[in-house]
Amino acid sequence: MAQLSMPEEARRAAEVIRRADIVIGIPSYNNARTIGHVVRAASAGLAKYFPQLTAVIINSDGGSTDGTREAVLSARVDDGHLMLLSTPMLAAHRLSFPYHGVPGKGSAFRLVFQMAEQLDAKACAVVDSDLRSITPEWIDLLIRPVLFAGFDFVAPYYHRHKYDGTITNSIVYPLTRMLYGVAVRQPIGGEFGVSARLVKRYLERKDWETDVARFGIDIWLTTIAIAEGFRVCQSFLGAKLHDAKDPGSDLSAMLTQVTGSVFALMQEYAPIWRRWKGSVPAELFGFRFDVGLDPIQVNVERMLDAFRRGCHELGDVWKLALDPPTLSAVRALAAGLPEDGARFHLNDELWTDAVLQFAYAYRTHPLARGTILRSLTPLYLARVASFVRETENLVAAEVEEKIESLCLTFEERKPELIARWNGESVPEGAGRPHRNGQDQHPAGKAKLEVTND
Amino acid sequence: MIEVLRKVLEGAVDRLHHQITTYLPPLLAALALIAVAWAIALLARWIVYRIFKGLAIDKFLRQSGVAFLVDPSGRLRATRIVGETVYWGIVLTGFLLGVNVFDTDLTSQMVQSFVFLLPKLMVAGLILLGGAWLGYYLGRSMLVWAVNENLPSPRRLAVVVRVLIIFVAVVAAADQLNFARTVFLAAFIILVGGVVLAGSLAVGLSASGVRQLLEARPRASGESEERSLWSHL
């Protein structure tokens, strides 16, 4: 596979600067509206919180045509170095766009990490270029735990609307937490702080050109940090407000890329996650405060229509992934679905079993992975619809309890997943008929156990 | 009269004797060969079963996902496939050797034809199998895509894709066997031409309608309003 080395312009720039204690990376693609603010916030954060340290801000651009570079240049950064680089991408990669983030985001991160290593930086942070809510404090919160508390990886922790980040809440967070035993609330947040030690480890990896690193760079960074035993913490950054997403972006493709990345990493780290039982929360830095959030409108009826249609048409595909009891329960759910979708409920147990069985099918059907992952879309929409219905009248804390309950259900199901993965018979209780009622698991306290097998 | 009758009977006995001495030994040899081949086939199948079970090949293939490539339901067992292939391969070889023992023009021609045809049959079989699998795979992909895109009649679209691919495989297999190749080729050209013409007419006649549909789609589904603030990630 073709490998990308550090571009000449970056090498020359690194030779001129020679050394920097902190590197801030900002990957971008057509973010002229917001990137100026992001650069100014990063620069102000460095000046305010780390005046004694040398720092460099690197904008790695994926070929913007809307004046993003000009916006960066006009941000008037007073102190430190500002570097504008083009994201090195293979020709083929320029034609394939991720459905979230910027094209070549993985390559941009790699360039930032290469620069950080070249400049012998002690800490590195990356922030999205479409942020509207970034403040100078974000830089402090992402960098300080690395520089002064010995952490290797700082994940963001935001306040989000209860309907925002539904893939994170219903799949990525519970699954990552269940697998690796560390509760990182926003594993695909987009803003991260990284130590020199972890930067070195990322650069040693050989999978930078794979789909996982290209399309799922956020979960790739988080998973490696947790699974390989680096010290991980979270920083509370307030609210995350960013530029409106492209309304035409394809949910199915986005879901495929994100879940595909999680499932692919799950295969690689199977020997590690099979050892963990339960979970512990990652340490949280920063002062937590309440913030106002924009309201979000969701169309539940349309989601349920998609679910009905999926149940009607995709039974044969779901058979590849779902066990007969799970498939029967899903079909029964669709059959009993009232016209208006009122009181629709896809319980935690059924959803957890479905996700874990899809994860296993990803492993056992290598040539049908794309089809299987795409067929998850109607089920995912059903889960979101159920979640929206259940949480209509709940406040943020109560919604968090619901998500906590889902996470505990995932953790409860882990022995079944391990047995399935090992090719053993699934333990008693698995494949049980699903009752579609109240979730069985009350929100409880998380704990972590390690088994030596 | 008696002398004539005696000669006739002697002639018949001589011919019978001649035929028996000519054909019985090869027949016995052929039967013996077939019996030996059958015994070897049974033994070989037993050994293959033992080896595959001992090495847990089926479990390995299931866990690695290779088993699902052949049969998506995962029920097919490699042990059985390989065992039966070895068994029938040896039985067939024994049968051909047995037939060849007679050393007549007819039997030689039969064996020769079979030997020459066998590779072609195998290639044609593989083409059909590959086509069936590809048709199934792409049909399923089309089905999922059509459902997620909310297109009308997703199952029909999937069936069309599947039938087209299988038909291409049949044309290729017929060409390989040199069997009614012009008929199949003509049917294939007519089919592809018809599909292209229908597609062109559909797009040409309703280009403005398609454009309007594409432009109106996000708004009609409430997508832009919904996604403006809603991030799935």
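Conventions and cut-offs
Residues numbered from 1 in each chain as written. Chains lettered and ligands numbered in written order. Predicted model: local features only at pLDDT ≥ 70, side-chain atom pairs only at ≥ 80, totals over all residues. Heavy atoms only, no water. Helix = DSSP H or I, 4+ residues; strand = E, 2+ residues; numbered from the N terminus. Contact = heavy atoms within 4.5 Å. Areas by Shrake-Rupley, 256 points an atom, 1.4 Å probe, with all protein chains shown as cover. Core = buried A, V, L, I, M, F, W, Y, C linked by side-chain atoms within 4.5 Å. Buried < 20%, exposed > 50% of the residue type's maximum accessible area, 1.4 Å probe, protein only. Salt bridge = Lys/Arg side-chain N within 4 Å of Asp/Glu carboxyl O. Phe/Tyr/Trp six-rings, centres within 6.5 Å; stacked < 30°, edge-to-face > 60°. Lys NZ or Arg CZ within 6 Å of the ring centre and 35° of its normal. Pairing = 2+ DSSP bridges. Axes fitted to C-alpha atoms, helices over the stretch in contact; angles between N-to-C directions. Parallel < 35°, antiparallel > 145°, perpendicular 65-115°, else oblique. Left-handed = near helix turned anticlockwise from the far one by under 90°. Nonpolar A, V, L, I, M, F, W, Y, C, P; charged D, E, K, R; others polar. Expected span 1.5 Å × (residues − 1). Bend = angle between axes of the 7 residues up to and from the residue. pLDDT = per-residue confidence, 0-100.

Peer 1: Help me out: how do you make sense of the overall build of chain B in this one?
Peer 2: Each helix and strand counted, chain B has nine helices and zero strands in total. Ordering the α and β elements of chain B from the N terminus gives α-α-α-α-α-α-α-α-α. Sequence-distant contacts, at least 24 apart, represent 59% of the contacts inside chain B between residues at least 6 apart. Accessible area for chain B stands at about 15,500 Å²; split by element, carbon and sulfur atoms hold 73% of it.

Peer 1: Is there a simple way to explain the nonpolar core in this structure?
Peer 2: Nonpolar side chains tend to gather and get buried jointly when the protein is soluble and globular. Residues and elements named next belong to chain A. Residues Tyr202, Phe307 and Leu379 are the most contacted members of the largest nonpolar core, which totals 115 residues. Among the elements that make up this core, the one with the highest residue count is helix α16 (residues 348-364) (ten residues). Here Phe307 is in contact with Trp318, Val330, Leu333, Ala334, Leu337, Phe344, Pro378, Leu379 and Ala382, once residues within four sequence places are set aside. Formed by 33 residues, the second largest nonpolar core is a distinct cluster that contains Phe50, Trp138, Leu141 and Val146.

Peer 1: Looking at this structure, how should I read the pattern of salt bridges?
Peer 2: It is possible for side chains of opposite charge to pair when their charged atoms get near one another. Residues and elements named next belong to chain A. Evaluated as defined, the whole model comprises 34 salt bridges over all chains. With its nearest N and O atoms 3.7 Å apart, the salt bridge here joins Asp316 to Lys319. Here the residue Asp316 and the residue Lys319 both occupy positions in helix α14 (residues 315-321), the gap between them amounting to three residues, near one helical turn. Overall, Lys319 belongs to the exposed group, its relative accessible area being 51%. Here Asp348 ties to Arg383 by a salt bridge, and the two come within 3.0 Å at their closest N and O atoms.

Peer 1: Which parts of the structure should I look at to understand the packing of aromatic side chains?
Peer 2: The description of two aromatic rings rests on the distance between their centres and on the angle between their planes. Counted under the stated rule, the structure contains 16 aromatic pairs over all chains. Seen from their ring centres, Phe113(A) and Trp208(A) are 6.3 Å apart, and the 65° between their planes marks the pair as edge-to-face. Separated by 95 residues along the polypeptide, Phe113(A) in helix α5 (residues 105-118) and Trp208(A) in the loop between α8 (196-204) and α9 (211-215) bring together distant segments of the chain. As far as the burial class goes, Phe113(A) and Trp208(A) line up, both buried. One cation-aromatic arrangement involves Arg369(A) over Tyr362(A); the distance from NZ or CZ to the ring centre is 4.3 Å. Cation over ring: Arg45(B) sits above Tyr87(B), and NZ or CZ is 4.1 Å from the ring centre.

Peer 1: Which parts of the structure should I look at to understand the pairing of strand β5 (residues 153-159) of chain A?
Peer 2: Regular strands place their side chains on alternate faces of the sheet. Residue and element names in this part refer to chain A. Counting buried residues in β5 gives seven out of seven residues, a clear majority hidden from the surface. Residues Phe153, Ala155, Tyr157 and His159 of β5 are buried on one face, and the alternating residues Val154, Pro156 and Tyr158, pointing to the opposite face, are buried as well. Sheet analysis places β5 next to strand β7 (residues 192-195), joined by two bridges and oriented antiparallel. The residue of β7 that forms the bridge with Phe153 is Val194. In this structure, β5 lies alongside strand β8 (residues 232-239), joined through seven bridges in parallel fashion. If you follow Ala155 over to β8, its bridge partner there is Gln234.

Peer 1: What's the story with the packing of helix α18 (residues 376-391) of chain A against helix α19 (residues 396-412) of chain A in this structure? I'm lost.
Peer 2: What describes two packed helices is the angle between their axes and the distance between those same axes. Residues and elements named next belong to chain A. At a minimum axis distance of 11 Å, the contact between α18 and α19 shows a crossing angle of 140°. Classed by the angle they form, the pair α18 and α19 counts as oblique. Handedness of the α18/α19 crossing: right-handed. When α18 is examined against α19, the residues Arg383, Phe387, Glu390 and Thr391 are found in contact with a partner set consisting of Val399, Lys402, Ile403 and Leu406. Classifying every residue of the contact of α18 with α19 gives four nonpolar, one polar and three charged.

Peer 1: Got a minute to help me understand the packing of helix α13 (residues 300-313) of chain A against helix α5 (residues 105-148) of chain B in this structure?
Peer 2: Taken N-terminus to C-terminus, the directions of α13(A) and α5(B) make an angle of 160°; their axes are 10 Å apart at the nearest point. For the element pair α13(A) / α5(B), the angle class is roughly antiparallel. In the packing of α13(A) onto α5(B), the handedness of the crossing is right-handed. Taken together, the residues of α5(B) that come into contact with α13(A) (itself represented by Arg309(A), Gly310(A) and Glu313(A)) are Leu143(B), Ala146(B) and Val147(B). Across the contact of α13(A) with α5(B), the residue classes tally to three nonpolar, one polar and two charged.

Peer 1: I tried to follow helix α1 (residues 2-54) of chain B on my own but got confused; where do I start?
Peer 2: An α-helical turn contains 3.6 residues, so a residue and the one three or four places further along point in the same direction. All names here are of chain B. With 53 residues, α1 ought to run about 78 Å at 1.5 Å a step, and its terminal C-alpha atoms sit 74 Å apart, in line with that. At Tyr23, α1 is bent by approximately 30°, the largest bend along its length, and proline Pro25 sits one to four residues beyond. The complete set of buried residues in α1 reads Gly11, Pro26, Ala30, Ala37, Ala41, Ala44, Val48 and Phe52. Where α1 ends, the next residue or the one after it, Ala56, has phi of about 55°, a positive value.

Peer 1: How should helix α6 (residues 154-177) of chain B be read in this particular structure?
Peer 2: The end-to-end C-alpha distance of α6(B) is 35 Å, a good match for the 34 Å that 24 residues give at a rise of 1.5 Å each. Phi for Asn178(B), located one or two positions after α6(B), is positive at around 60°.

Peer 1: Please explain the confidence of the model for chain A as it appears in this structure.
Peer 2: For any part of a model where pLDDT is low, the fine detail of the predicted coordinates should not be relied upon. Here chain A averages 85 in pLDDT, while 86% of its residues score no lower than 70. Long-range and interchain partners of residues 91-99 of chain A, a stretch whose pLDDT sits below 50, account for 19 contacts in this model, where long-range means more than four residues apart.

Peer 1: Teacher, can you tell me more about the pairing of β8(A) here?
Peer 2: All names here are of chain A. Burial runs high along β8: eight of the eight residues are buried. As paired elements, β8 and strand β11 (residues 283-285) share three bridges and run parallel to each other. Looking at β11, one finds that Cys233 is bridged to Glu283.

Peer 1: Could you clarify how one ought to interpret the confidence of the model for chain B in this entry?
Peer 2: Here chain B shows a mean pLDDT of 81. Residues at 70 or above account for 81%. The least confident element of chain B is helix α9 (residues 223-227) of chain B, whose mean pLDDT is 48; the most confident is α6(B), at 90.

Peer 1: How should I be thinking about unusual backbone geometry in this particular structure?
Peer 2: Outside of glycine, negative phi angles account for most residues, and trans bonds account for most peptide bonds. All names here are of chain A. In this structure, Arg18 is a non-glycine residue whose phi angle is positive, near 70°. Here Arg18 is to be found in the loop between α1 (8-17) and β1 (22-28). Since its relative accessible area comes to 68%, Arg18 is described here as exposed. One non-glycine residue, Asp120, adopts positive backbone phi at about 60°. Note on placement: Asp120 falls in the loop between α5 and β4 (123-126).

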